[in-house]
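A structural walkthrough
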Amino acid sequence: MKAPASWIRELAGLPTGTSAEDIAHRIAGVGFEVASIEGDTIDFEITANRPDCLSVCGLAREAATAFEVRGPGSGVRVPGSSVQGPTQPHPPPPKLTHADVSVSIDSALCARFSLATADVTVGPSPAWLAERLTACGVRPINNIVDVTNYVMLEMGQPMHAYDIAKVAGPALVARQAVAGETLTTLDGQQRTLDASMLVIADRDQVVGIAGVMGGAGSEVSSSTTHIALEAAWFQGVTVRATSKKVGLRTEASTRFERGADIGATTTAIARALELLEEIKAGRATSAITDVYPAPKVAAVIALRPSRLARLLGDCVPAADVERILGNLGFAVAQAADGWTVTVPTARVDVAREADLIEEVGRHWGVNRVRATFPALRSAPRVSDAGVLRARRLRRVLCGAGLQEAVTFTFMEAAAAAPFSDDPAALVSIANPLSEKFAVLRPSLIPGLLDSLIYNRRRGITDVRLFEAGAAFNTTGESQRVAWVLCGQRDTHWSTRAESVDLFDALGIAEVLTNGWGLTLTSVTTDQAPGFVRGRVAALLTDRRIGTVGQIDPAIAEARGLPAGVIVVAGELDLSAFTGDGGSPQRVASLPRFPAVVRDLSLVVDASLSAATVRATIRQPSGGALSALREVREFDRYQGKGIPDGKVSLAYRLTFRDAARTLTDREVDDAMTVIIAALQQECGATVRGL
Amino acid sequence: MSALSVDALRSRFQAALEAARTPADLKTLRDEFLSRKHGLVTALVKSIASATPDEKRTLGAASNALKQEIEAALDTREAEAAASAPPKDALDVTLPGRRPFLGRRHPLTQVRERVEDIFLAMGYQVIEGPELEDDWHNFEALNMPAEHPARDMQDTLYLASPVPVPDGGRAATLLRTHTSGMQIRYMETHEPPVRVIAPGRVYRRDQFDATHTPMFTQIEGLVVDEGISLGDLRGTLNGFAEQFFGGRVATRFRPSFFPYTEPSAELDVECQGCAGKGCNLCKHTGWIEILGCGMVHPAVFEAVGYDSDKYTGFAFGVGIERLALRLYGVDDIRMFYENDLRFLEQVAL
Ligand SMILES: [Zn+2]
């Protein structure tokens, strides 16, 4: 809301020496941020709860209160609220007969419709009036329209002037539109209306969209001699919805949608008539017709000093409470337990005691409130496990050499689809700002992949990123952790340059799950969109909880990755990671007897999985076999010396009995059984122990 | 060849030994003085033959002493040199070490955890909730009924079709515009006293440029008990600002508006770029706005079934990006989402 300081000064009764900066500073101090000061004009940011301050009058009330203007005659000198505050009464309306325009309301969305008629001579406005409009950002049009706009800026009540000659009847009714009705608005656009919209119609057709914009057909023009001045109250919700639907945001709609002053319609008309006479543009030809079926009763609120002190934590002297509320236009009366406060109808934001306390707080100074600290009356409750889990996982992954990334939750469909089990299960945003943010991520991997590519394209060759967060599909959101890697596994000068591969990604999953006390197995899968077939594993506990593998190069290249770069990735659903992972677990007692370690070197068909061989080793039972604690691959070799289609595998077996020391003989026997099983089940050739 | 005197020879040797640096220097020195063929000491000894018997006796003893002295000095220096020579299998320790990879937490995580830790120490619990919300938890229960103009303050991203939530409650229809919905969820299931913070990602239908982003991180705080006042809010936030910025920092409250708090305020901290004198960073006001806050609106308590006469409370919402921009001296918010390693690797471990 732009307003000249001189106008505010005049209405608030401030000394003429009060500068625009002073006024801006004081009003900012009571909750209205100042966007700019240009010359004498101050641009205030008016919060959604204060439509009354979309008027110079409202701002002047704030200024008068903030400057603590006192004494008789202080306060705002224009017809303002219907509640008698320290305002000066406007001149009595001329004693005339009722208007020659019939006025009626035929919708609950209009609660008051006031109207008067006048004879006018259309012409330009006087300079002072045009200048004030211009300062407030409103373009002067002609003296009649300018007066309606002037009253709106001054009092906050939007008004409209009709050329009665162009109003059929002449009759005006506030009603809901009939679906399909049309109206050409003042801006020359034809609008199609629907039944939810409130309109003003004459006997034959719609002449205005209520609270949004009038129609071109009944517009005041240079030939107009007789006008009807309308000031009405339209329900904010309707005006807001209609304004959105027709795509028209106007000075009027902004005020109505936040809540206009239902008490102001007749005073606004009186003020407009007064101005018309003052600038010699016209003269009233009727009394004010006021259709107001259920006059609003001003809200009366009890304000208790005890509640005031409890909420603000500070005692505001009674005299200040009364001064502040009084200057703001509230009628304050003493009551047994504090005060009874009558709320001006302009203050649509004030409905209960807390609202009054805010008014007192604002002007007494929230910044003056003494800082205290709330007592802890009970022991703090434990934080959500998910929060602690994410903290722990982040630290483990950072320690494992991965850099944390934060990527957007939404992305373009083309980035998300390749990683979605079911593209139909992608969650779309109904009103995305652009196609780049159209769907919610079905996995954290596509976002990480884009970040990896971003770095790679800036010459950073070794990228290791992870992210923890939510992924989405049509069945809901799930917490995940994911990682992507490319470049060298080890960049030290002593090692041969080797690209990362699936096992780097798999190792991270193993560290995370083992650290959480979960047993993880990895198996071949064809159900892994976005990955290379044969270079991807499903990760299982008691169910599938994730995937690791090599990203399909075609997908990565489509996102801008240079050809030939291997990217591996992994993702885990955190639902398997129960608890926060930080509670101490019971530990097993340490072994009292030594372990016996045996190495075993085999040649088997290359198609045989390590899991099968491991399972075969563990299959036999009896004797020392029950003491087999660990089976671990420590070498895998194909090439010179090994027949085509075969692979050499080396295993380290650890035997340990909890109750005694195993003898070599027992272990030898066990190994013989194991070797026999391997020969029989796996067709293995044992290369020596 | 006329031999030098014993004294002259001694000082010449001492000067040469002083100047010797390498084992090769010592070898040259040994040659020069002690060589059987042309050593200077050897020449001196030989020259004794032509001396008088008296001279022979004194000169003989002195030259012998000198010879032993030189031998001892050279032996010592050669031993020292041998001891300090690198062993054959010595490593070139000037080569770089084998560094384990070590990742860093994202700056937004670091700031978020810093804020969480401050409030944890004040007895708060950290709670989390869904990013997809329903209208009730995001708006209605927070005193923003349908078509409430305040909804324009938070331009919302809606889902094309509703998505179920884990607890079987209302299906989600939007991306939460703040984590305040967690206040409601928490109060619906817990009785006062309440002392929680709810961090998380929030979404607005905003452009993506240097100062705006359609996704950002917020930490919402809520305290409810009997007798909680605006003074308690002030004291809590002053304590937070002091711990967060490290040391005493001037703060001020400015009245503001949020539909779910009454009274509402904004907390400014003194600009540290200019110590409150005014600079570009603070738009020449000397203050930087860091969060919005206020006393919980009684309508919010009524929405969750709390006795609004018995209990009062305060709420506040901190934007993590805003704090991070200040902390890291970054002027483009997009840097937090590009994940450029050249940026991420500059932050603390
Ligand atoms: Zn500054």
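Residues numbered from 1 in each chain as written. Chains lettered and ligands numbered in written order. Predicted model: local features only at pLDDT ≥ 70, side-chain atom pairs only at ≥ 80, totals over all residues. Heavy atoms only, no water.

1. Side note on the overall build of chain B
Cut-off, in case you're wondering: In this description a helix means any DSSP run of H or I spanning at least four residues, a strand means any run of E spanning at least two, and both kinds are numbered starting from the N terminus. Each residue gets one of three labels from its accessible area relative to the maximum for its type: buried under 20%, exposed over 50%, partly exposed in between, using a 1.4 Å probe on protein chains only. We call two residues in contact whenever any of their non-hydrogen atoms come within 4.5 Å of each other. Residue burial considers only the protein chains on display, and all accessible areas are found by Shrake-Rupley using a 1.4 Å probe. Here the positive residues are Lys and Arg and the negative ones are Asp and Glu; neither His nor the chain ends is included. Lysine's charge is taken at NZ, arginine's at CZ, aspartate's at CG and glutamate's at CD.
Check the secondary structure of chain B and you find twelve helices and ten strands. Seen through its C-alpha atoms, chain B measures out along the principal axes to roughly 130 × 45 × 40 Å. A burial count over chain B gives 52% of its 349 residues as buried. Partitioning the intrachain contacts of chain B with sequence separation of at least 6 by distance along the chain shows that 65% fall at a separation of at least 24. For chain B, the accessible area works out to roughly 15,800 Å², and carbon and sulfur atoms hold 52% of it. With 38 positive and 50 negative side-chain charges, chain B shows a spacing of 13 Å between the two charge centroids.

2. Topic: the interface of chain B and chain A
Counted only if it meets this: Joining two parts hides part of their accessible area as seen by a 1.4 Å probe, and the buried area is that hidden amount summed over both. Salt bridges are counted wherever a side-chain nitrogen of Lys or Arg sits within 4 Å of a carboxyl oxygen of Asp or Glu. For the purposes of these results, a polar contact is taken to be a pair of N or O atoms within 3.5 Å, where, inside protein, one atom must be able to donate a hydrogen and its partner to accept one; residues adjacent in sequence count only when each atom of the pair is a side-chain atom. Nonpolar residues are Ala, Val, Leu, Ile, Met, Phe, Trp, Tyr, Cys and Pro. Charged residues are Asp, Glu, Lys and Arg, and all others, Gly as well, are polar.
Tallying the contact residues gives 98 residues for chain B and 92 residues for chain A. Buried area between chain B and chain A, summed over both chains or domains, comes out near 8,100 Å², and the portion from carbon and sulfur atoms is 54%. The largest contributions to the chain B side of the interface with chain A come from B:Phe101, B:Glu147 and B:Pro255, which together make up 9% of the buried area. Applying the counting rule to chain B against chain A returns nine salt bridges. A:Arg391 is paired through a salt bridge with B:Asp117; the nearest N and O atoms lie 2.9 Å apart. The interface formed by chain B and chain A holds 52 residue pairs in polar contact (both at pLDDT 80 or more) in total. Class assignment for the residues of the side of chain B that touches chain A results in 42 nonpolar, 24 polar and 32 charged.

3. Some remarks on the coordination of the zinc ion
Residues and elements named next belong to chain B. Defined as follows: Any N, O or S atom lying within 2.8 Å of the metal counts as a donor, and for Na, K and Ca the limit rises to 3.2 Å; water is left out, so some sites can look incomplete.
In this structure, Cys 271 (SG), Cys 274 (SG), Cys 279 (SG) and Cys 282 (SG) serve as the protein donors to the zinc ion, at separations of 2.2 to 2.3 Å. Here the donor residues of the zinc ion are spaced in sequence according to C-x2-C-x4-C-x2-C. We classify Cys 274 as buried; its relative accessible area is 12%.

4. Side note on helix H3 (residues 56-66) of chain A
With eleven of its eleven residues buried, H3(A) lies for the most part within the structure. Of the residues trailing H3(A), A:Glu68 is marked for its positive phi of about 55 degrees.

5. Quick look at the environment of A:Glu219
All names here are of chain A. Inspection of the secondary structure puts Glu 219 in the loop between strand S12 (213-214) and strand S13 (226-234). With relative accessibility at 34%, the residue Glu 219 sits in the partly exposed group. Sequence spacing of Glu 219 and Pro 126 is 93 residues, and the spatial spacing of their C-alpha atoms is 21 Å. In this structure Glu 219 touches Asp 163, Lys 166, Leu 186 and Thr 224, once residues within four positions along its chain are discounted.

6. Considering the pattern of salt bridges
Counted under the stated rule, the structure contains 67 salt bridges over all chains. A salt bridge links B:Arg10 to B:Asp7; the nearest nitrogen and oxygen atoms lie 3.4 Å apart. Of the two residues, B:Arg10 and B:Asp7 are both situated in helix H1 (residues 6-19); the distance of three residues between them amounts to about one turn of the helix. Here the salt bridges do not stand alone but share partners, grouping A:Glu33, B:Arg252, B:Arg254, B:Glu266, B:Asp268, B:Glu289 and B:Arg322 into one network.

7. Remarks on H1(B)
All names here are of chain B. Where we set the bar: What a helix should span is 1.5 Å times the count of its residues minus one. Directions from the helix axis toward the C-beta atoms define the arc.
The end-to-end C-alpha distance of H1 is 20 Å, a good match for the 20 Å that 14 residues give at a rise of 1.5 Å each. Taken together, the buried positions of H1 are occupied by Val 6, Leu 9, Phe 13 and Leu 17. Taken around the axis of H1, the buried residues stretch over an arc of 65 degrees, which confines them to a single face. Along H1, the residues that are exposed and aim more than 90 degrees away from the buried face are Asp 7, Glu 18 and Ala 19. Buried residues along H1 sit in contact with helix H2 (23-34), helix H3 (40-47) and helix H4 (53-84).

8. Structural notes on the domain arrangement of chain B
Spelled out, the test is: Where each domain begins and ends is defined by an automated method or by a domain database.
The domain architecture assigned to chain B consists of domain 1 (3-84) and domain 2 (107-347). Look at where the C-alpha atoms of domain 1 of chain B and domain 2 of chain B centre, and you get two points 87 Å apart.

9. A word on the sheet that holds strand S2 (residues 132-133) of chain B
Residue and element names in this part refer to chain B. Heads up, the rule is: DSSP-based pairing: two strands are paired if at least 2 bridges between them are found.
An order of S2-S4-S3 is seen for the three strands of this open sheet, with the pairing classed as antiparallel. The open sheet has two edge strands with one neighbour each: S2 and strand S3 (158-163). Bridge count between S2 and strand S4 (residues 172-175): two bridges; the pairing is antiparallel. Residue pairing across strands places Glu 133 opposite Leu 174, the latter belonging to S4.

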